[in-house]
Amino acid sequence: MSKLQGLSFGLATVVLVVLATGYFMRDWLPPLKSDRGAIDEAMAATLVVTGLVFIATNLLLAFVAWRYEDHEGAKAAYWHDNTRLEIAWTAVTAVIMFAFLFNALKLWADMTSEAPRDAVVVEVTGQQFRWVVRYPGKDGAFGKTDAAKVDVDTENYIGLDKSDPDAKDDVLMVNDVYLPVGKPAAVRIRSTDVIHSFFLPNFRVKQDALPGMTTKTWFIPKVEGDYEIACAEHCGLGHYKMKGQLHVLSPDAFEAKLVELGPAAPEAPAGSPNQASE
Ligand SMILES: [Cu+2]
C-alpha cells in the first residue's frame, strides 16, 4: 500500500463513521416525554467520549501507517512491553469507565427508589402476548392474585381472587395504560409466564417483567398524548404483537377515565345467599 493509500484509508474510515453516526443519531431516540432526561445525557456523553477515542485511535493508525511506511533498507523496530505506557492507558480507561459507572448507578438508584407518596400506582403484568393493566381502585389496595386462578377463557388473565375484598374495586384492562400528566407514576411490573420487558420508548422506561417477582420503577410523564408500549424481551412467537398504548391525560381526564372504566365486575362473595333463580 502506498503512503497516500494508507492515509486516505484511515481518513476515509473516520469520515464515514462520523457521517453515519450523525445520520443515525438524528432520530435514534424517540422524543423524550418524561422526566428521565438524565438518561439521554448519559447516552450522549458515552457516545461523545467513545466517539472521540475512536476518531483519535484511527487518526493515529493512519498517521503511523503513513509515517512508518516500509522502504528500501528499513529495519523493523522491536521492543518488549512498556510498563509505564500500559499502566497509563489502563488507568485512564478505568477512570473514564468508573465515571460512566457511577453515573449509571446513580440513575439506576433514582429509577428504582421508593416512589413519591402522591404517585399514581399501576400494575402491569406481562403475559404471552398481552399487557394486563390494573389499578387498585378507590381503596388503594390491589386484590390478591393466585396463579392457580389464571383463566384466559373467563378473561381472568392475572388470576385475580375475586373473593378478596380488596379485589372488588380493582380496575382491569388489557394493553392500555392511562396516566395523568405531571404526576409521578409508580409501576409494578409482573409476569404470569416467561420474562417480558415493559418498554416505554418515549419515557426511557424499560424494566423486565419476571415471573415470581414484582419489579418497580417510577417516572413522571410530562406531555399528554398516546404512546407506544412495547415488549423488549423476546418472549415467544407472538412477541411482535405484544403491543399496547400509554395514554397520558390531564389529571381531570384521568380521574374521569378511571371512573368510566370502573371496577372489575363484582362477584358474589363466597358464602353469601344465592340469588333467587326461577
Ligand atoms: Cu413479551
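These figures come from a predicted structure and were not determined experimentally.

(A) Expanded view of the coordination of the copper ion. Within the first shell, the copper ion binds the protein through His 196 (ND1), Cys 231 (SG), Cys 235 (SG) and Met 242 (SD), at distances of 2.1 to 2.5 Å. Mapped onto the sequence, the donors of the copper ion take the spacing H-x34-C-x3-C-x6-M. Of this pair, His 196 sits in strand β6 (residues 196–200) while Cys 235 sits in the loop between β9 (225–231) and β10 (244–249), and the two are 39 residues apart along the sequence. For the pair formed by His 196 and Cys 235, the shared burial category is buried.

(B) Region of the structure containing the packing of aromatic side chains. Scanning the model with the defined rule gives seven aromatic pairs in all. With a centroid separation of 5.4 Å and 80 degrees between ring planes, the pair formed by Tyr 23 and Phe 24 is classed as edge-to-face. Since its relative accessible area comes to 58%, Phe 24 is described here as exposed. Centre to centre, the rings of Trp 131 and Phe 198 are 5.4 Å apart; their planes meet at 75 degrees, and the pair counts as edge-to-face. Here Trp 131, found in strand β2 (residues 130–135), pairs with Phe 198, found in strand β6; they are 67 residues apart in sequence, far enough to count as distant. Neither Trp 131 nor Phe 198 differs from the other in exposure class; each is buried. Site record: aromatic cluster; members linked through ring pairs are Phe 203, Phe 219 and Tyr 227. The ring of Phe 199 is capped by Lys 206, whose NZ or CZ atom sits 4.4 Å from the centre of that ring.

(C) Spatial organisation of the confidence of the model for the protein. Model confidence for the protein is summarised by a mean pLDDT of 87, while 93% of its residues fall at 70 or above. Under a pLDDT of 50 for its full length, residues 265–278 has, in the predicted model, two contacts with residues more than four places off or in other chains.

(D) Local environment of the domain arrangement of the protein. Segmenting the protein into domains produces domain 1 (3–68 + 84–111) and domain 2 (120–261). Look at where the C-alpha atoms of domain 1 and domain 2 centre, and you get two points 37 Å apart. Of the roughly 1,200 Å² buried where domain 1 meets domain 2, counting both sides, 48% is carbon and sulfur surface. Remark: the boundary between domain 1 and domain 2 carries one salt bridge.

(E) Region of interest: the pairing of strand β8 (residues 215–219). Most of β8 is tucked away: four of the five residues are buried. In the sheet, strand β5 (residues 185–191) pairs with β8 via five bridges, with the strands oriented antiparallel. Among the inter-strand pairings, Arg 188 is bridged to a residue of β8, identified as Lys 216.

(F) Local environment of the nonpolar core. Ranked by size, the top nonpolar core spans 31 residues in total, and within it Tyr 135, Val 177 and Phe 198 carry the most contacts. For Phe 198, the residues in contact, after removing those within four places along its chain, are Val 124, Trp 131, Val 187, Ile 189, Val 205, Lys 206, Gln 207, Ile 229 and Ala 230. Val 132, Ile 158, Leu 160 and Ala 167 belong to the second largest nonpolar core, which has five residues in total.

(G) Geometry of the pattern of salt bridges. This model, assessed by the stated rule, comprises nine salt bridges. For the salt bridge of Lys 106 with Asp 110, the shortest nitrogen-to-oxygen distance reads 3.0 Å. Within this pair, Lys 106 and its partner Asp 110 are both found in helix α3 (residues 83–111), separated by four residues, close to a single helical turn. Ionic pairing is found between Arg 134 and Glu 123, a salt bridge with its closest N-O pair at 2.9 Å.

(H) Looking closely at the pairing of strand β7 (residues 205–209). Residues of β7 alternate between two faces, with Val 205, Gln 207 and Ala 209 buried on one and Lys 206 and Asp 208 left unburied on the opposite face. Sheet topology places β6 next to β7; five bridges connect them, and they run antiparallel. Residue pairing across strands places His 196 opposite Ala 209, the latter belonging to β7. Between the end of β6 and the start of β7, which pair antiparallel, lie four residues, with Arg 204 showing a positive phi angle near 55 degrees.

Calculation rules
Residues numbered from 1 in each chain as written. Predicted model: local features only at pLDDT ≥ 70, side-chain atom pairs only at ≥ 80, totals over all residues. Heavy atoms only, no water. Donors = N, O, S within 2.8 Å, 3.2 Å for Na, K, Ca; no water. Helix = DSSP H or I, 4+ residues; strand = E, 2+ residues; numbered from the N terminus. Buried < 20%, exposed > 50% of the residue type's maximum accessible area, 1.4 Å probe, protein only. Phe/Tyr/Trp six-rings, centres within 6.5 Å; stacked < 30°, edge-to-face > 60°. Lys NZ or Arg CZ within 6 Å of the ring centre and 35° of its normal. pLDDT = per-residue confidence, 0-100. Contact = heavy atoms within 4.5 Å. Domains from an automatic or database assignment. Buried area = accessible area lost by both parts, 1.4 Å probe. Salt bridge = Lys/Arg side-chain N within 4 Å of Asp/Glu carboxyl O. Pairing = 2+ DSSP bridges. Core = buried A, V, L, I, M, F, W, Y, C linked by side-chain atoms within 4.5 Å.

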